[in-house]
Amino acid sequence: MHLLEKIIRVFLFLIGLVMKPSLKIIFNIIYGDSEKVPKIKQQLCLHSATRLAKMIRNKEVKAVEVMEAYIDRAKEINPIVNAIIGERYNEALKDAQKVDDILDKKEGHGKYSAVNAPFLGVPLSAKEAFGVKGMPHASGLVIRKGVVAEEDAEVVKRLKEAGAIPFIITNVSELCMWYESANRLYGRTKNAYNTGRIVGGSSGGEGCAISAGASVMGIGSDIGGSIRMPSFFNGIFGHRPSKGLVPNEGQYPIADGSDADLLSTGPMCRYSEDLLPLLKVYAGPKSSEANLDQHVDVRKLKFYYMEDDGGSLLVSNVDQELKDAQIKAVEYLKNTLGVSVEKVNIHELKFSVQIWSAKMLAGGGTSFCEYMADKKGKVNAFKEFAKWMVGQSNHTIPAIGLGIAENFNGMSDQQTQMFAQKCDKLDEEFQNILGNDGVFLYPSHPKIAPYHNEPIFYPFNFAYTGIFNALGYPVTQVPLGLSQDGLPLGMQVVSTMNNDRLTIAVACELEKYKGWTEPGSRS
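Criteria and cut-off values
Residues numbered from 1 in each chain as written. Predicted model: local features only at pLDDT ≥ 70, side-chain atom pairs only at ≥ 80, totals over all residues. Heavy atoms only, no water. Buried < 20%, exposed > 50% of the residue type's maximum accessible area, 1.4 Å probe, protein only. Helix = DSSP H or I, 4+ residues; strand = E, 2+ residues; numbered from the N terminus. Core = buried A, V, L, I, M, F, W, Y, C linked by side-chain atoms within 4.5 Å. Phe/Tyr/Trp six-rings, centres within 6.5 Å; stacked < 30°, edge-to-face > 60°. Lys NZ or Arg CZ within 6 Å of the ring centre and 35° of its normal. Contact = heavy atoms within 4.5 Å. Polar contact = N/O pair within 3.5 Å; in protein donor to acceptor, adjacent residues only side chain to side chain.

## So, helix H6 (residues 204-211)
Next, step 1: Taking burial as the measure, the eight residues of H6 include eight buried ones, the bulk of the element.
Next, step 2: Positive phi appears at Gly213, one or two residues downstream of H6, with a value of about 85°.

Here is the structure:
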């Protein structure tokens, strides 16, 4: 074992032994007071995107009315949660009016059909890392303040062609590489269920805006869990597509080395019925590769589950409430579908952090310190840490920490090869267990939404999501109601490559049991 890894393991063990009991008390004192997010008054904000498009197309409601409802809600909640960092309200209203005008004239109905425009007139949000022409495109980096996108990212183009209307841009973690959405450019986003808690990252602004009713569907990206963790912490659905199914072009930063195989662009939404039609739009011509039009009978699927990773020293234990929620969901599936759900023990999952790291370290591409300098040279992370200590740095401590870690190769070539082989072994084991008709139920994260800044003490808890980036598998995060403290619960539904339709079908079934619960409610 590399010396640096030994030091980290000992440090984390000492934190777990001595500090963790008192950390909760300290963070509760600092962030214990929670500001309430108003209940959703705009009834149009309580429909799925699919339903809204149908209502607009059938002229049951005007696209302008829908857009006005979402703009009103966005303005209402953003001063509380700081999820939205850019808007095009006036332009979006004009776009919505164009939809209404064409429908009123009974022109262009072929273009606006349910097949060609499944999201006709539906408001769309996007994380700030994605290019939306004319909108902020800084990825939370101070040096990029004032940078706007010159063109739409590919998925934005596809969604606009499908009738969606972009209207807000949402906050991210600095350069999208941390699981709390806070940066020096736009500040910190707060959880609508409890403003003292995190929204996750890097698609945290998306998760928050959608859960609070300020958006119905959005665009996220995921290199280690950046769709699924925010979806989990905010109680919504999020899908990480199979590797290569959806184009990643138009993001900043963009994975351009070995990490490109880990990055995936996918949908985030409040209602499960939107997942599959969104993914079809995202995937475009590649939809056929994943057989997204093929019907899934969930009663004929094989189901497996694990309650935790088997015990990794680098990762927190799974909260008992999350385990209980998963078991209740398993019982629901058994009783409702009449299926068998088998508990398994996949030993290699204990090495998830190391496997993900080995994949990231395989080489090539722009370094994180180069991205911190906006690719105009390279930031000295040690110098930035010294500046941070006296309040003079334009970077967050997680970004600085990652920059410092980048200077130390935490694995030898031999270790990198060993964990890459473990990844291959894990892939083989999943293929043998799941085949093409099986799903695996697994925690989305070991902890219910932590307090702000608390993730610094649990830097490797992304392991529960990151491992499936390393494998390239499709995964759907499914909300499972709220905890005793009113915070979202959830779990992941996993399958093998290009079996996205299976995980989404199970998500739709589980929504009948527990789905999105409005902030301030009780499940």
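Additional details are given in the paragraphs that follow.
## Re the nonpolar core
Next, step 1: Judged by nonpolar contacts, the single largest core of 155 residues is most densely connected at Met217, Phe430, Phe440 and Phe468.
Next, step 2: The biggest single contributor to this core is helix H3 (residues 63-81), with 11 residues.
Next, step 3: One finds Leu175, Tyr252, Phe368 and Ala399 within the second-largest nonpolar core, a separate group that totals nine residues.

## Side note on unusual backbone geometry
Next, step 1: A cis geometry characterises the amide bond from Gly201 onward to Ser202, with omega recorded as 5°.
Next, step 2: Considering the arrangement of structural elements, one finds Ser202 in the loop between strand E5 (187-188) and H6.
Next, step 3: Even without glycine at this site, Asp374 takes up a positive phi of about 55°.
Next, step 4: Structurally, Asp374 is set in the loop between helix H11 (368-372) and helix H12 (381-389).
Next, step 5: Given the relative accessible area of 10%, Asp374 is considered buried.

## Details of the packing of aromatic side chains
Next, step 1: Across all of its chains, the model carries 19 aromatic pairs by this definition.
Next, step 2: Centre to centre, the rings of Trp178 and Tyr179 are 5.1 Å apart; their planes meet at 40°, and the pair counts as tilted. Here Trp178 and Tyr179 have matching classes, each one buried.
Next, step 3: Among the aromatic residues, those joined into a cluster by ring pairs are Phe430, Phe440, Tyr442, Tyr464, Phe468 and Tyr473.
Next, step 4: A cation over a ring is seen here: Lys514 above Tyr513, with NZ or CZ 5.8 Å from the ring centre.

## Re the environment of Phe130
Next, step 1: In this structure, Phe130 sits in the loop between strand E2 (123-127) and helix H5 (154-161).
Next, step 2: Remark: the alpha-carbon pair of Phe130 and Ala153, spanning 23 residues in sequence, is separated by 6.0 Å.
Next, step 3: With near-sequence residues (within four places) excluded, Phe130 lies in contact with His137, Ala153, Val155, Ile219, Gly220, Ser221, Gly250, Gln251 and Thr265.

## Examining the side chain of Ser215
Next, step 1: Counting through the fold element by element, Ser215 comes out in the loop between H6 and strand E6 (217-222).
Next, step 2: Reaching out from Ser215, the side chain makes a polar contact with the backbone oxygen of Met217 at a distance of 3.0 Å.
Next, step 3: Not counting residues up to four positions away in its chain, the partners in contact with Ser215 are Tyr70, Ser125, Ile168, Ala209, Ile210 and Arg270.

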